[in-house]
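Geometric and topological summary
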Amino acid sequence: RTPDWSPGGDEIVFLSNREGPFQLWVTGLDGGTPRRLSEQAIPMDGDWWVNARVAPRWSSDGGTIAYLAPGEEGTTLWLIDPDGSNARQTELSGILRFDWYMDSRRVIYTRNTLDGSGRIEMIAADLQSGAEALLLEANATELSVAPNGSSVAYNSAEGHFSMNRYLLPLTPAAVDQLPSAAGEPEQITFGGGVWHVHGGAWTPDSRQIVYTKDFDRGNLYVIDDYR
């Protein structure tokens, strides 16, 4: 489940329960035997919508794989080297969704606001310095950062079945800096209540986004003489 390409396109990291609990695995494109990265179990006990939150993500520089797993303070961002060594827990917990920003040092993630109001905020974080910056407060899910760092795409709506894709433009940031919002979010899909959006991955040149349309159609039946 939840596969992600390596930056070079020659390997895929994914979650599998082929040997018991769900764990991180990597496979090459040559049809060889997949290799397990670690013994750590990653719970996937909800429906696909919940399970998609723990999807592993390969950093754009190829140096690190990040994933969500239980930690000391709830759902926590974990890191592991592509060879399966050096699995470590970061200081970021309570994460709902995440993606890398430009390298293996910075991430963008969402969490519930700390005031207990139930609102969601989008944060940029530096994993080395611990610095954070608020980018947006919105009902944002299924994050995907443009490979060139120009924006972050996300899905948002008041309800699941009216979900559309949005873009939040970002200011360029040096290696030791965090991005900031460069304007207001722009809605880029318009389901109009007929369909809603899931996913939303970028092409490598950051010029296009591929997503799925989930059509909310059904049939209503009447049963006569029901017994």
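Reading guide: rules and limits
Just so you know, the residues in each chain are numbered from 1, in the order the chain's sequence is written. Only residues with pLDDT of at least 70 are given local features in this predicted model, and only at 80 or more are side-chain atom pairs given and counted; all residues enter the totals for whole chains, interfaces and linings. With hydrogens and water stripped out, all remaining heavy atoms of the structure feed into the side-chain values. To sort residues, take the accessible area from a 1.4 Å probe on protein chains only and compare it with the maximum for the residue type: under 20% means buried, over 50% means exposed, and anything in between is partly exposed. Strands here mean DSSP runs of E at least two residues long; helices mean DSSP runs of H or I at least four residues long; both are numbered from the N terminus. Criterion used throughout: strands pair if DSSP finds at least two bridges between them. For cavity detection a 1 Å grid was placed over the protein atoms alone, and a set of points counts as a cavity when a 1.4 Å probe fits there but cannot get out; an open set counts as a pocket when protein lies on both sides within 12 Å along at least five of seven lines, with lining residues being those that have an atom within 4 Å of a point. Grid points are joined across faces, edges and corners, and a volume is the space filled by probe spheres set on the points. By the convention adopted, Pro, Cys, Tyr, Trp, Phe, Met, Ile, Leu, Val and Ala count as nonpolar, Lys, Arg, Asp and Glu as charged, and the other residues, Gly among them, as polar. By definition, residues are in contact when any of their heavy atoms lie within 4.5 Å. Confidence per residue, as judged by the predictor, is encoded in pLDDT with a range of 0 to 100. Among the buried residues, those of types Ala, Val, Leu, Ile, Met, Phe, Trp, Tyr and Cys that are joined through side-chain atoms within 4.5 Å form a nonpolar core. All tallies of charge rest on Lys and Arg as positive and Asp and Glu as negative; His and the ends of each chain are not included. The term salt bridge refers to a side-chain nitrogen of Lys or Arg lying within 4 Å of a carboxyl oxygen of Asp or Glu. Polar contacts, as counted here, are pairs of nitrogen or oxygen atoms within 3.5 Å of one another; within protein the pair requires one atom able to donate a hydrogen and one able to accept it, and residues that are adjacent in sequence qualify only if both atoms are side-chain atoms.

All right, on to the pairing of strand β7 (residues 74–80) then. With five of seven residues buried, β7 is to be regarded as a mostly interior element. Between strand β6 (residues 65–71) and β7, which pair antiparallel and follow one another directly, the connecting turn spans two residues. Where β7 meets strand β8 (residues 88–93), three bridges bridge the pair, whose relative direction is antiparallel. Bridging from a neighbouring strand, W78 pairs with Q89 of β8.

Take the sheet that holds strand β3 (residues 23–28) next. Pairing within the open sheet is antiparallel, and its four strands lie in the order β1-β2-β3-β4. Either end of the sheet is taken by a strand with one partner, and the two such strands are β1 (4–5) and β4 (35–36).

Turning our eyes to something else, we now look at the layout of surface pockets. Looking at the largest pocket, its volume works out to about 1,300 Å³. Lining the largest pocket we find 40 residues, and of these D4, R57, D99, S144 and A201 sit closest to its centre. Contributions of two or more residues to the lining of the largest pocket are made by β1, α1 (48–51), β5 (57–58), β9 (95–100), β13 (140–145), β17 (195–202) and β18 (209–215). Ranked by the residues each element gives to the lining of the largest pocket, the list is headed by β17, at five residues. Residues belonging to the lining of the largest pocket are distributed by class as follows: 20 nonpolar, twelve polar and eight charged.

Our focus in this paragraph is the environment of W5. Assignment of secondary structure puts W5 in strand β1. As for W5 and N164, which are separated by 159 residues in sequence, their C-alpha atoms are 25 Å apart. With sequence-adjacent residues up to four places away left out, W5 is seen in contact with E11, I12, L29 and W58.

What follows concerns the confidence of the model for the chain. Counting all residues, the mean pLDDT for the chain is 90, and 94% of those residues have values of 70 or more. When pLDDT is averaged over each helix and strand of the chain, the minimum, 60, is found for α1 and the maximum, 97, for strand β15 (residues 164–169).

Formed by 27 residues in total, the largest nonpolar core has its most connected members in L24, L77 and Y109. Mapped by element, the contributors of at least two residues to this core are β2 (11–16), β3, β6, β7, β9, β10 (106–112) and β11 (120–126). Sort the elements by how many residues they give to this core and β6 lands first, with five residues. Sequence-distant contacts of L24, defined by excluding residues within four places in its chain, comprise V13, F14, L15, R35, R36, L37, S38, I42, P56, Y67 and I80. Counting 14 residues, the second-largest nonpolar core is a separate cluster that includes Y101, M122, L135 and L136.

What follows covers the side chain of R97. Among the structural elements, R97 can be located in strand β9. Put simply, R97 is tucked away with no salt bridge, and the nearest opposite charge, on E142, sits 5.0 Å away. Within the local environment of R97, its side chain forms a polar contact with the side chain of T141, the two groups lying 3.2 Å apart.

Our next topic: the sheet that holds strand β16 (residues 186–187). Read from one edge to the other, the open sheet built from four strands follows the order β13-β14-β15-β16, with strand pairing classed as antiparallel. The strands lining the two open edges of the sheet, one partner per strand, are β13 and β16. Bridge count between β13 and strand β14 (residues 151–156): four bridges; the pairing is antiparallel. Counterpart to S144 in the pairing with β14 is A153.

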